[in-house]
Amino acid sequence: MSKIEEVRGRAVPVHGDDIDTDRIIPARFLKTITFEGLEQHVFEDDRLEAKAQGRVHPFDEPKHQGATILLAGANFGCGSSREHAPQAIKRWGIRAIIAESFAEIFFGNSLMIGMACATLPADQLQQLMALAEEQPDLEFRLDIHERTLSAGDRVVPVTMTDAVRSALLSGNWDATALLLDRYEEVEATAARLPYISGWDRAAV
Amino acid sequence: MARTLFQKVWDLHAVRTLPNGQTQLYIGLHLVHEVTSPQAFAELRERGWTVKAPHRTFATIDHIVPTAAQARPFADLMAESMTAALERNCRDYGIRFFDLASGAQGIVHVIGPEMGLTQPGMTIACGDSHTSTHGAFGAIAFGIGTSQVRDVLATQTMSISPLKVRRIEVNGQLRPGVFAKDVILHIIGKLGVKGGTGYAYEYAGDTIHRMSMDERMTICNMSIEGGARVGYVNPDETTFEYLRDRPYAPQGADFDRAVAWWKSMASDPDAVYDDVVRIDAADIAPTVTWGINPGQSVPVDGRLPHPDEVPDSERAGIVEALEFMGFDGGLRVLGTKIDVAFIGSCTNGRLSDLREAAQVVAGHKVAPHVRALVVPGSQKVAAAAEREGLDRIFQEAGFEWRRAGCSMCLAMNPDRLSGREVCASSSNRNFKGRQGSPTGRTLLMSPAMVAAAAIAGEVVDIRTWKPEAVPALA
């Protein structure tokens, strides 16, 4: 369980709102019993579509290789609960995502694997995306203590809830140990549930 | 103090506030399938943990199951290895597995309710975003990722922050040809695909309360398409009657005691909501998606948005969707030629869905250029449909009648689109590439509308469409 206090590195912008998890990792790559190798297929169909149209997807841009911070639009990661989506992004090398907004399950899944997520207003994001495109070598830095994102001389405050911030700073983003701690309280909760489930009698 | 069902269930299952500021929430029922669980079990072994509550954990296979030839080993080696992994995990940890031989296999969100596992007042988790379906029973059901599956296996709890509650009241009579699917597509169209982020949706109003459980499940199923991780309907007599005599429901006097408890979990009449939205059922038309997210829909006879006439903030998304779909802004989706018709999925693969579709299909033939599939949501749905002869109606019309599974909803099995095919689909997502071809196109609609499109060979308006009579004889 490691503490995450900052993420430094170059940024890669992925434009567009409502980028869903089927686009981040198409379902055919979910046929696996591990998460290994998913990074090879991150945004695969979007990358193929870009190529077919004579464009280059940001994840294929030589200048963005090695980036650690992903800049994205609104409702990033909507759709399926597949953790394969943040896993694929993280295994590609991304350590933090700054977006206008996130879909809820994707956001939670990202936090669970120690990938920091924070939000910024659309206009600031657009400016930072343009900056990352113009100066791909510029170092970005997400400071989780201060809740700021800096890019060169520029520093903007990001939105990150107290719970997320403290989970990253304390290393408690990996919560299983916390959940097993004081387990007698879990047992007490379970014991007082007024369920009358009928499960014990089922003979199916 | 007056509380919503969400708050009551939350309060009952909250163990404590964790040092990370989130709540540790106890999970009453954990449903497991083959896609999002193998890595969770692997980590469990690696870290030396066990499954804390195997009696609260049930598994099935649905996503990767082939729906035509089901002999083992599956032709697809990865599908076979995922199935074998789940078999081993269930065996090792004493988890009840509804496998192909059980007669109770099916899409996880179809079998939970039909087995009577899903009950009011519970917390439910499953590694699938459509877990919101179970909220139809007045349960609070969360779609979770694999790390949370691991947490629920290892601790029967998860770390989560509370949601706000938005009450969505639908009142009035639905017009002929309008189904639960149209209601939820209409709601998502109105509130947007991210309108529900941070909320649980409580569906209420007389329209919802006249609905069957199957219809309520269709509505709750697609909550996540509107951004809401959780959706629910307060339990009532319809809920209780559905559960009576189900294999895993309480029996006899226990059932009556359970009903009394279930009733007490419904939202109090004076509960306070974070938001309330009211919708007039009469405003809802048969609804069809035209774009690449479930919020991009129109009444079947309505016009698509024109990029020149939409707000600046929406233009890029609309242009991208129109281009991908090959539609011109301002035109209609009505009359769009289809290549494939798919009836099934956790949204619309239940018996009543198949009945509605069969009613449209009976006595007609699928258009010669259309490939049409009916995929029951579970083995029990398939058996019930076959007892009623629905399989014959579909097959005589030229549909393929398949075995239970997720099938063409997400193309993790042999059922998929190819190239730029257009599919009229009763499923839940029209994302780019969702149905297995990166350039394939999906039009979401009700099962009855899919059935009509299959016969007509194009998108039709079920309110006015008259199929040509099949010439007698031959």
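All values reported here derive from a predicted model rather than from experimental measurement. (Residues numbered from 1 in each chain as written. Chains lettered and ligands numbered in written order. Predicted model: local features only at pLDDT ≥ 70, side-chain atom pairs only at ≥ 80, totals over all residues. Heavy atoms only, no water.)

Along chain A, the regular secondary structure elements total 8 helices and 8 strands. The principal-axis extents of the C-alpha atoms in chain A amount to approximately 65 × 40 × 25 Å. A burial count over chain A gives 59% of its 204 residues as buried. Contacts in chain A between residues at least 24 apart in sequence constitute 68% of all its contacts with a sequence separation of at least 6. (Helix = DSSP H or I, 4+ residues; strand = E, 2+ residues; numbered from the N terminus. Buried < 20%, exposed > 50% of the residue type's maximum accessible area, 1.4 Å probe, protein only. Contact = heavy atoms within 4.5 Å.)

This next bit is on the pattern of salt bridges. A complete count under the given rule lists 45 salt bridges over all chains for this structure. In this structure, Arg244 of chain B engages Glu241 of chain B in a salt bridge whose closest nitrogen and oxygen atoms are separated by 3.1 Å. Where Glu388 of chain B meets Arg355 of chain B, a salt bridge forms, and the shortest distance between an N and an O atom there is 2.5 Å. Within this pair, whereas Glu388 of chain B is found in helix α14 (residues 379-388), its partner Arg355 of chain B is found in helix α13 (residues 351-361), the two being separated by 33 residues in sequence. Through salt bridges that share partners, Arg23, Asp46, Glu49 and Arg55 of chain A together with Glu320 and Lys432 of chain B make up one connected network. (Salt bridge = Lys/Arg side-chain N within 4 Å of Asp/Glu carboxyl O.)

Moving on: the confidence of the model for chain B. Of all residues in chain B, 99% attain a pLDDT of 70 or more, and the chain-wide mean is 96. Across the assembled chains, the prediction reports ipTM 0.95 with pTM 0.97. (pLDDT = per-residue confidence, 0-100.)

Let's shift gears to the interface of chain A and chain B. Contacts between the two partners involve 59 residues from chain A, matched on the other side by 82 residues from chain B. Taken together, the two surfaces of chain A and chain B that pack against each other cover about 6000 Å², and 58% of this comes from carbon and sulfur. Our enumeration of links across chain A and chain B arrives at 6 salt bridges. Linking Asp76 of chain B and Lys31 of chain A is a salt bridge whose minimum nitrogen-to-oxygen distance equals 2.3 Å. In this assembly, chain A and chain B are joined by 22 residue pairs in polar contact (both at pLDDT 80 or more). Among the elements of the structure, α1 (21-24), α2 (44-52), α4 (104-112), α6 (162-170), α7 (176-180) and α8 (183-191) of chain A are those that each provide at least two residues to the side of chain A that touches chain B. A per-class count over the side of chain A that touches chain B returns 26 nonpolar, 15 polar and 18 charged. (Buried area = accessible area lost by both parts, 1.4 Å probe. Polar contact = N/O pair within 3.5 Å; in protein donor to acceptor, adjacent residues only side chain to side chain. Nonpolar A, V, L, I, M, F, W, Y, C, P; charged D, E, K, R; others polar.)

Take the sheet that holds strand β6 (residues 140-143) of chain A next. All names here are of chain A. As summarised here, the arrangement of the 4 strands in space is β1-β6-β7-β8, forming an open sheet in which the pairing is antiparallel. Unpaired on one side and paired on the other, β1 (6-9) and β8 (154-157) mark the two borders of the sheet. Neighbour-to-neighbour, the strand axes of the sheet open up by a mean angle of 10 degrees, direction not taken into account. As paired strands, β1 and β6 are joined by 4 bridges and run antiparallel to one another. Within the sheet, the bridge partner assigned to Arg8 lies in β6 and is Arg141. (Pairing = 2+ DSSP bridges. Axes fitted to C-alpha atoms, helices over the stretch in contact; angles between N-to-C directions.)

A separate point is the nonpolar core. Counting residues in hydrophobic clusters, the biggest one holds 98 residues, and the most contacted among them are Phe142, Val170 and Tyr203 of chain B. Per-element tally for this core: the top contributor is helix α6 (residues 180-191) of chain B, with 6 residues. Ignoring any residue separated from it by four or fewer positions in sequence, one finds Tyr203 of chain B in contact with Ile168, Ile184, Ile187, Ile208, His209, Ile219, Cys220, Ser223, Gly231, Tyr232 and Val233 of chain B. Counting residues in each nonpolar core, the second largest holds 93 residues, with Ile89 of chain A together with Ile64, Phe324 and Val366 of chain B among its members. (Core = buried A, V, L, I, M, F, W, Y, C linked by side-chain atoms within 4.5 Å.)

Residue and element names in this part refer to chain B. Along the chain, the position of Asp268 falls in the loop between α10 (253-264) and β12 (275-280). Residues Asp268 and Leu243 lie 25 residues apart in sequence; the distance between their C-alpha atoms is 22 Å. Excluding anything up to four places from it in sequence, Asp268 contacts Met1, Ala2, Arg3 and Lys8. In this structure the side chain of Asp268 is engaged in a polar contact, spanning 2.8 Å, whose partner is the backbone nitrogen of Arg3.

Mapped onto the fold, Glu225 of chain B is located in the loop between α8 (213-221) and β11 (230-233). Glu225 of chain B has contacts with His130, Ile188, Val193, Pro294, Asn428, Arg429 and Phe431 of chain B, leaving out every residue within four places of it along the chain.

All right, on to α6 of chain A then. All names here are of chain A. Of all the positions in α6, only Ala163, Val164, Ala167, Leu168 and Leu169 are classed as buried. Contact partners of the buried residues in α6: α4 and β5 (116-119). Backbone geometry just after α6 places Gly171 at a positive phi near 85 degrees.

Residue and element names in this part refer to chain A. Following the sequence through the fold, His57 ends up in the loop between α2 and β3 (69-72). Owing to a relative accessible area of 8%, His57 belongs among the buried residues under this scheme. Setting aside its immediate chain neighbours within four residues, His57 contacts Val14, Phe43, Asp46, Arg47 and Ala50.

Glancing now at the packing of aromatic side chains. Residue and element names in this part refer to chain B. Counted according to the given criterion, the structure contains 17 aromatic pairs over all chains. With centroids separated by 5.7 Å and ring planes inclined at 25 degrees, the aromatic side chains of Phe6 and Trp10 adopt a geometry described as stacked. With a gap of 4 residues between them, Phe6 and Trp10 both fall in helix α1 (residues 5-13), about one helical turn apart. Given the relative accessible area of 2%, Phe6 is considered buried. Its relative accessible area of 9% is what places Trp10 among the buried residues. Seen in terms of ring centroids, Phe137 and Tyr242 are 5.2 Å apart; in terms of plane orientation they differ by 70 degrees. Their pairing is edge-to-face. (Phe/Tyr/Trp six-rings, centres within 6.5 Å; stacked < 30°, edge-to-face > 60°.)

Here the focus is the sheet that holds strand β3 (residues 29-32) of chain B. All names here are of chain B. With parallel pairing, 5 strands are arranged side by side in an open sheet as β5-β4-β3-β6-β7. Of all the strands in the sheet, the pair left with one neighbour each is β5 (96-98) and β7 (140-143). Taken pair by pair, the neighbouring strands of this sheet meet at an average axis angle of 20 degrees, ignoring direction. Here β3 runs beside strand β6 (residues 123-126); their pairing, made up of 3 bridges, is parallel. Following the sheet pairing, Leu29 is matched in β6 by Ile124. Strands β6 and β7 of the sheet are contacted by α1, whose axis makes an angle of about 80 degrees with β7.

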